[in-house]
Amino acid sequence: MHLDHPVTLPQRHTYSADPHRPDGSPRALRIGFGGPVGSGKTATVAALCRALRDRLSLAVVTNDIYTQEDAAFLRREAVLPPERISAVETGACPHTAIRDDISANLEAVEQLEQALGPVDMVLIESGGDNLTATFSRGLADAQVFVIDVASGDDIPRKGGPGITTADLLLVNKTDLAPYVGADLEAMRADTRRQRKDLPFVFTSLTSDDGIRPVAEWVTERLAAWRAGATR
Amino acid sequence: MSRTALLVLADGRFPAGGHAHSGGMEAAVASGTVHDPASLEAFCRGRLHTAGLTAAGLAAAAATGHDPLALDDAADARTPAPALRHVARRLGRQLLRAARATWPCADLDHLAHHRPGGMHQPVVLGVVARAAGLPPPEAAHAAAFDSVSGPATAAVRLLSLDPFDATAVLARLAGECDAVAATAAEAAERVASDGVAALPAVSAPLLDITAEQHAALAVRLFAS
């Protein structure tokens with residue numbers, strides 16, 4: 001009975017980081033969404049689901065701190081059918097569940113894929129955390145870090161692993177800048193300095209189509225992932 | 001045997017999902033039963049001599065090489081609360097995932113294949129200990145310590161308890177942990193002649209009841 005590859009692949013960190021499912025078909029691309037509390041992670045995930053659900057088979061895993069509020073919000077807003085949304089409990093340590101001990105999240109992702117059949121992309125939303133909370137490469141293939149202008153326009157200058165290393169940085173809620181006295185140009189300059197060649201976008205999800213640059217980036221990642229997985 | 005393998009397996013940072021579980025501590029804190037180092041110690045002592053002893057026996061028997069599927073049935077019989085069965089299988093699945101990457105071997109693949117829904121965590125722990133080259137008494141030690149280390153860590157987060165106090169509680173329980181592990185390992189030696197009935201079957205009814213209540217809560221920090 002063939003259970004698994006006899007040799008651990010060099011790029012393989014866990015038993016689910018293989019880009020293929022046991023039947024040889026490519027597994028879903030997993031994109032992590034991290035960032036501080038209230039920066040708009042759930043709103044970003046909801047907007048992405050609305051923008052992409054007609055074209056792609058999507059699923060969402062949320063990591064709440066002490067409730068299932070984010071999962072409940074996404075279900076209530078009906079951004080996806082309820083069976084496509086799963087919640088993970090994190091024992092008061094949201095960063096542990098996405099970085100140091102990813103077993104519960106991996107399990108949630110795999111159960112969704114098993115139950116739903118072929119899934120193109122799983123969006124994994126971290127619990128609100130601090131500027132150092134990043135996703136393990138064993139869990140997420142790519143990660144998006146979400147900060148917002150209302151939390152202080154010095155956040156890009158402060159940096160931290162989320163801001164400097166995420167595959168995409170969102171600076172969200174630009175519509176609030178005039179009301180909170182945030183200097184968007186200074187934020188942009190600081191962000192460019194911190195990110196070097198890595199991409200970032202300034203977003204306002206309250207505007208029509210505000211999610212579009214994120215949806216485009218995610219779609220490009222999926223195309224690149226598929227090209228790599230079928231090589 | 002490699003003693004370091006035991007340290008790897010028993011390390012609270014071993015990525016097997018335990019950080020999201022409090023071993024009944026969240027319910028005990030909510031009811032006021034645990035509120036300071038002394039009540040934490042009493043709770044841990046009680047858990048060690050009940051759920052801890054039972055788990056240690058199962059782990060030692062699995063590490064001996066007895067049929068893990070039969071031991072899983074024995075674990076079911078020793079776990080009357082559905083919520084705790086669910087948790088034990090989930091933690092067993094997560095431990096198996098981490099262990100298959102850490103100590104890859106056919107025995108662990110066998111478990112994953114025969115019980116895709118997960119086996120009770122203490123049984124998996126025993127099979128993993130065997131895969132890591134650890135003898136049954138060491139598997140019993142890992143299970144006994146696991147029964148108190150998780151709740152103690154959870155108490156630090158739930159009560160903002162002084163972490164030095166919580167660690168001192170674990171140190172004070174070390175001798176009792178050793179004794180529980182020894183009792184469990186001796187019982188496991190009798191499984192070959194007497195069957196799984198030789199294994200400890202000590203339960204903690206209050207932990208069973210509060211686990212069911214906790215599982216029904218809408219707002220909680222820990223999964224159990």
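Residues numbered from 1 in each chain as written. Chains lettered and ligands numbered in written order. Predicted model: local features only at pLDDT ≥ 70, side-chain atom pairs only at ≥ 80, totals over all residues. Heavy atoms only, no water.

Description of the sheet that holds strand 3 (residues 85-89) of chain A
Residues and elements named next belong to chain A. Going by this rule: Strand pairing is assigned whenever DSSP detects at least two bridges linking the two strands. Put simply, DSSP marks the helices as runs of H or I at least four residues long and the strands as runs of E at least two long, and each gets a number from the N terminus on. Orientation is described by axes fitted as lines to C-alpha atoms, over the contacting stretch for helices, and by angles from 0 to 180 degrees between their N-to-C directions. By definition in these notes, contact holds between two residues if any of their heavy atoms fall within 4.5 Å.
Taken in spatial order, the seven strands of this open sheet run 3-2-4-1-5-6-7, and their pairing is parallel. Only two strands of the sheet have a single neighbouring strand rather than two, namely strand 3 and strand 7 (200-202). Taking the axes of each pair of neighbouring strands and ignoring which way they run, one obtains an average angle of 20° across the sheet. Where strand 1 (residues 29-34) lies against strand 4 (residues 121-125), five bridges are found, and the strand directions are parallel. For Phe 33, the partnering residue across the bridge sits in strand 4 and is Glu 125. Across the face of the sheet, helix 4 (residues 103-116) comes into contact with strand 1, strand 2 (58-64), strand 3 and strand 4 while running at roughly 155° to strand 2. Most of the contacts of helix 8 (residues 184-195) go to strand 7, to which it runs at about 170°, and overall it touches strand 6 (168-172) and strand 7.

Quick look at the interface of chain A and chain B
The line we're drawing: The term buried area means the drop in 1.4 Å probe accessible area that two parts suffer when joined, counted for both and summed. Any carboxyl oxygen of Asp or Glu that lies within 4 Å of a side-chain nitrogen of Lys or Arg is treated as forming a salt bridge with it. Here a polar contact is taken to be a pair of N or O atoms separated by no more than 3.5 Å, where protein atoms must pair a possible hydrogen donor with a possible acceptor and residues adjacent in sequence count only if both atoms sit in side chains. Note on residue classes: Ala, Val, Leu, Ile, Met, Phe, Trp, Tyr, Cys and Pro are nonpolar, Asp, Glu, Lys and Arg are charged, and everything else, Gly too, is polar.
The interface is formed by 26 residues belonging to chain A together with 23 residues belonging to chain B. Summed over both partners, the interface of chain A with chain B comes to about 2000 Å²; 52% of that surface belongs to carbon and sulfur atoms. For the pair chain A and chain B, the number of links is three salt bridges. Of the charged contacts, one joins Arg93(B) and Glu107(A) as a salt bridge, the two residues approaching to 2.6 Å between their closest N and O atoms. Summed over the shared surface of chain A and chain B, the number is eleven residue pairs in polar contact (both at pLDDT 80 or more). Elements that contribute at least two residues to the side of chain A that touches chain B include exactly helix 3 (94-100) and helix 4 of chain A. If you tally residues by element for the side of chain A that touches chain B, the top one is helix 4 of chain A, at six residues. Tallied by class, the residues present in the side of chain A that touches chain B amount to ten nonpolar, ten polar and six charged.

What to know about the state of the cysteines
All names here are of chain B. Rule in force here: Here, a disulfide means two cysteine sulfur atoms that sit within 2.5 Å of each other. A simple rule labels every residue: compare its accessible area, found with a 1.4 Å probe on the protein chains alone, to the largest value its type can have, and call it buried under 20%, exposed over 50%, or partly exposed in between.
Per the counting criterion, the structure on display carries zero disulfides over all chains. Cysteine Cys 44 is unpaired, with the sulfur of Cys 177 as its nearest cysteine sulfur at 9.2 Å. We classify Cys 44 as buried; its relative accessible area is 0%.

A few points about the environment of Leu125(B)
All names here are of chain B. Considering the arrangement of structural elements, one finds Leu 125 in helix 7 (residues 121-131). For Leu 125, a relative accessible area of 5% corresponds to the buried category. Remark: the alpha-carbon pair of Leu 125 and Arg 47, spanning 78 residues in sequence, is separated by 18 Å.

Regarding the side chain of Asn172(A)
Residue and element names in this part refer to chain A. Here Asn 172 shows up in strand 6. Assessed through its relative accessible area of 3%, Asn 172 is described here as buried. Apart from the residues within four sequence positions on either side, Asn 172 is in contact with Ser 39, Gly 40, Thr 44, Val 146, Ile 147, Asp 148, Val 149, Thr 203, Ser 204 and Leu 205.

Section: the packing of helix 3 (residues 37-64) of chain B against helix 9 (residues 163-172) of chain B
Residues and elements named next belong to chain B. Just so we agree on the cut-off: Each angle is binned into one of four classes, with values under 35 degrees roughly parallel, values over 145 roughly antiparallel, values of 65 to 115 roughly perpendicular, and all other values oblique. Here is the rule for handedness: rotate from the far helix to the near one, and if that takes an anticlockwise turn smaller than a right angle the crossing is left-handed, while a clockwise turn gives right-handed.
The interhelical angle for the contact between helix 3 and helix 9, taken along N-to-C directions, is 40°, at an axis separation of 10 Å. Of the possible angle classes, the one that applies to helix 3 and helix 9 is oblique. Seen from above, helix 3 lies across helix 9 with right-handed handedness. Contacts between helix 3 and helix 9 pair Pro 37, Leu 40 and Glu 41 from the former with Asp 165, Ala 166, Val 169 and Arg 172 from the latter.

Considering the side chain of Glu26(B)
Tracing the backbone through its elements, the reader meets Glu26(B) in helix 2 (residues 25-30). The contact partners of Glu26(B), leaving out residues within four places of it in the chain, are Leu158(B), His214(B), Arg220(B), Leu221(B) and Phe222(B).

Things to note about the confidence of the model for chain B
Low pLDDT means the predicted atomic positions in that stretch should not be read closely. This is how the line gets drawn: Residue-level confidence of the predictor is what pLDDT reports, using numbers from 0 through 100.
Counting all residues, the mean pLDDT for chain B is 96, and 100% of those residues have values of 70 or more. If you check the scores for this complex, the pTM reads 0.88 and the ipTM reads 0.85.

Focus on helix 12 (residues 205-215) of chain B
For helix 12 of chain B, the complete set of buried residues consists of Leu207(B), Asp208(B), Thr210(B), Ala211(B) and His214(B). Buried residues in helix 12 of chain B make contact with helix 2, helix 3 and helix 5 (82-102) of chain B.

Brief notes about the packing of helix 6 (residues 106-114) of chain B against helix 7 of chain B
All names here are of chain B. Contact pair helix 6 / helix 7: the axes reach a minimum separation of 9 Å and the direction vectors enclose 155°. Here helix 6 lies roughly antiparallel to helix 7, going by the angle between them. Contact residues: Asp 107, Leu 108 and Leu 111 in helix 6; Val 124, Val 127, Val 128, Arg 130 and Ala 131 in helix 7. Per-class residue counts for the contact of helix 6 with helix 7 are six nonpolar, no polar and two charged.

Re helix 7 of chain B
Residue and element names in this part refer to chain B. Buried residues dominate helix 7, accounting for nine of its eleven residues. Taken together, the buried positions of helix 7 are occupied by Gln 121, Pro 122, Val 123, Val 124, Leu 125, Gly 126, Val 127, Val 128 and Ala 129. Check the buried side of helix 7 and you find it contacts helix 1 (3-10), helix 3, helix 4 (68-77), helix 5, helix 6 and helix 8 (136-159). After helix 7 finishes, the residue Gly 133 shows a positive phi value of roughly 85°.

Things to note about the pairing of strand 5 (residues 142-148) of chain A
All names here are of chain A. Across the seven residues of strand 5, seven count as buried, placing the element largely inside the fold. By the alternation rule, side chains of strand 5 split into Ala 142, Val 144, Val 146 and Asp 148 and Gln 143, Phe 145 and Ile 147, which are all buried. Strand direction decides the pairing type here: strand 1 and strand 5, joined by four bridges, are parallel. Paired with Gly 34 across the bridge in strand 5 is Phe 145. Inspection of the sheet shows strand 5 paired to strand 6 by five bridges, in the parallel sense. The partner of Ile 147 across the bridge, within strand 6, is Val 171.

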